[in-house]
Amino acid sequence: MDKNQGFFDPYNFSMQQNVPHNAPMPQEMAPMMDNPINPAMYYEQQYMYYRYLTQLLEYKMKLKEWEKMNNGK
């Protein structure tokens, strides 16, 4: 993550968007952009990242247990 990147606050609904208002939007993106600042989407992304990290840690712990068990033989 870039250190210069600002923190995304899902409760700050007055945050300015970097999209110019006169820029044309593709028609397939129009339904997704009904509410571009969606707190539910933010929390879903954070939850998926949390699940990824916990699965990664669980895998590493099981791998260490397996290596210890095989080194003892």
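For the structure itself, consult the block above.
Note that the structure is predicted; figures quoted are calculated from it, not measured. (Residues numbered from 1 in each chain as written. Predicted model: local features only at pLDDT ≥ 70, side-chain atom pairs only at ≥ 80, totals over all residues. Heavy atoms only, no water.)

A. Spatial organisation of the overall build of the chain. Looking only at helices and strands, the chain has one helix and zero strands in total. Residue burial in the chain is summarised as follows: out of 73 residues, 5% are buried. Element-wise, carbon and sulfur atoms account for 58% of the exposed surface of the chain, whose accessible area totals about 7,400 Å². (Helix = DSSP H or I, 4+ residues; strand = E, 2+ residues; numbered from the N terminus. Buried < 20%, exposed > 50% of the residue type's maximum accessible area, 1.4 Å probe, protein only. Areas by Shrake-Rupley, 256 points an atom, 1.4 Å probe, with all protein chains shown as cover.)

B. Local environment of a nonpolar patch on the surface. On the surface, a cluster of nonpolar side chains totalling about 380 Å² of accessible area is made up of Y49, Y52, L53 and L56. Note that Y49 resides in helix α1 (residues 39-71). (Patch = residues over 30% accessible without salt bridge, like charges linked within 9 Å, V, L, I, M, F, W, Y side chains within 5 Å. Salt bridge = Lys/Arg side-chain N within 4 Å of Asp/Glu carboxyl O.)

C. Here's a closer look at α1. The end-to-end C-alpha separation of α1 is 48 Å, in line with the 48 Å expected for 33 residues at 1.5 Å each. Sitting at the amino-terminal end of α1 is N38, which places a side-chain oxygen 3.1 Å from the backbone nitrogen of A40. (Expected span 1.5 Å × (residues − 1). Polar contact = N/O pair within 3.5 Å; in protein donor to acceptor, adjacent residues only side chain to side chain.)

D. Representation of the packing of aromatic side chains within the structure. Under the counting rule described, the total for this entry stands at two aromatic pairs. Summarising the aromatic geometry, the rings of Y42 and Y43 are spaced 5.3 Å apart at their centres and angled 70° between planes, so their arrangement reads as edge-to-face. Overall, Y42 belongs to the buried group, its relative accessible area being 14%. (Phe/Tyr/Trp six-rings, centres within 6.5 Å; stacked < 30°, edge-to-face > 60°.)

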